[in-house]
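Here is how the chains run, residue by residue.
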Amino acid sequence: MSALVVREADFSDLEAIVRLYETDTLSSRPDRWSPETQAAYSAAFARIATSEDHALFVAERGGAVVGTLQATYVPCLKGTASARIRLEAVVVDERARSGGIGAAMVAAAEDWGRARGARFVELSSGERRVDAHRFYARLGYDRTQFGFKKELS
């Protein structure tokens with residue numbers, strides 16, 4: 001088995017990232033890579049890639065993208081100005097799960113946050129994602145709050 005590489009994504013990874021999102025059967029807003037959606041994904045990627053407060057990571061094995069996550073640096077006044085990072089869209093190819101890929105990506109994101117002075121990492125996970133909940137608990141994450149969201153129209 002070839003070595004796992006976790007790195008910040010570049011534009012050439014975009015389709016592979018969205019293809020990973022497509023496999024998320026629990027999402028209420030499914031993603032689809034197509035000629036009609038490519039421009040929106042490209043624009044979002046450009047905004048992420050040009051911001052020092054955002055990082056999009058990929059895990060690559062044997063030249064193939066097998067995982068991704070997005071990290072956002074959030075400066076805060078609360079908690080004596082305790083900056084944090086927020087993890088989003090943590091996805092590992094279902095054929096490659098339970099092999100340490102998710103843990104390696106989370107560790108890379110934590111290192112990225114630490115280097116920026118973040119003191120905490122936060123994330124949310126849908127109620128039905130019980131496997132993900134066990135995964136985060138194994139990595140030392142505590143369930144500390146309820147999450148809420150509202151779609152803006």
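Residues numbered from 1 in each chain as written. Predicted model: local features only at pLDDT ≥ 70, side-chain atom pairs only at ≥ 80, totals over all residues. Heavy atoms only, no water.

A.B. asks: Just to check I follow, could you spell out the side chain of Ser 82 for this structure?
C.D. replies: Assignment of secondary structure puts Ser 82 in the loop between helix H3 (78-81) and strand E4 (84-92). Contacts of Ser 82, omitting those with residues within four sequence positions, involve Cys 76, Arg 119 and Phe 120. (Helix = DSSP H or I, 4+ residues; strand = E, 2+ residues; numbered from the N terminus. Contact = heavy atoms within 4.5 Å.)

A.B. asks: How should I be thinking about the sheet that holds E4 in this particular structure?
C.D. replies: Note on sheets: strands pair through backbone hydrogen bonds, and any given pair is parallel or antiparallel. Within the open sheet, the 5 strands sit side by side as E1-E2-E3-E4-E5. Their pairing is mixed. Sheet topology places strand E1 (4-8) and strand E5 (120-123) at the edges, where each strand pairs with a single neighbour. The average undirected angle you get between the axes of adjacent strands in this sheet is 25 degrees. Bridge count for E4 against E5 is 4 bridges, and the pairing is parallel. Directly across from Arg 86, in E5, lies its bridge partner Glu 122. (Pairing = 2+ DSSP bridges. Axes fitted to C-alpha atoms, helices over the stretch in contact; angles between N-to-C directions.)

A.B. asks: Looking at this structure, I do not really get the nonpolar core. What am I missing?
C.D. replies: One broad trend across soluble globular proteins is that nonpolar side chains are buried collectively. If you look at the biggest cluster of nonpolar residues, it comprises 21 residues, and the most contacted ones within it are Phe 57, Leu 69, Ala 71, Leu 87 and Trp 112. If you list the elements that add at least two residues to this core, you get strand E2 (54-61), strand E3 (64-74), E4, helix H4 (101-115) and helix H5 (130-138). Here this core gets 6 residues from one element, more than from any other, and that element is H4. Discounting residues that sit within four places of it in the chain, Leu 87 has contacts with Leu 69, Gln 70, Ala 71, Val 106, Ala 109, Val 121, Glu 122, Leu 123 and Tyr 141. Grouped together as the second largest cluster of nonpolar side chains are 14 residues, Ala 9, Leu 14, Val 18 and Val 91 included. (Core = buried A, V, L, I, M, F, W, Y, C linked by side-chain atoms within 4.5 Å. Buried < 20%, exposed > 50% of the residue type's maximum accessible area, 1.4 Å probe, protein only.)

A.B. asks: Mind showing me how you'd approach the pairing of E3 here?
C.D. replies: Sheet faces and side chains relate simply in a regular strand, where the side chains alternate between the two faces. Counting buried residues along E3, 9 of its 11 residues qualify, which places the element largely inside the surrounding structure. Taking the residues that link successive antiparallel strands as the turn, the E2-E3 hairpin has 2 residues, and the phi of Gly 62 there is positive, at about 60 degrees. Bridge analysis of E3 against E4 gives 7 bridges, and the strand direction is antiparallel. In the strand pairing of E4, Gly 67 is matched with Val 92.

A.B. asks: What is the right way to read the side chain of Asp 93 from this model?
C.D. replies: Assignment of secondary structure puts Asp 93 in the loop between E4 and H4. Given a relative accessible area of 11%, Asp 93 falls into the buried group. Aside from chain neighbours lying at most four places away, what touches Asp 93 is Leu 20 and Val 66.

A.B. asks: Can you walk me through the packing of aromatic side chains in this structure?
C.D. replies: When we look at a pair of aromatic rings, we describe it by the centre distance and by the angle of the planes. Under the criterion given, the structure shown has 2 aromatic pairs. Summarising the aromatic geometry, the rings of Phe 11 and Phe 45 are spaced 5.8 Å apart at their centres and angled 75 degrees between planes, so their arrangement reads as edge-to-face. Here the residue Phe 11 occupies a position in the loop between E1 and helix H1 (14-22), and Phe 45 occupies one in helix H2 (residues 38-49), the gap between them amounting to 34 residues. Phe 11 gets classed as partly exposed once you look at its relative accessible area, which sits at 48%. Centroid distance Trp 33 to Tyr 41: 6.1 Å. Interplanar angle 25 degrees. Geometry classified as stacked. (Phe/Tyr/Trp six-rings, centres within 6.5 Å; stacked < 30°, edge-to-face > 60°.)

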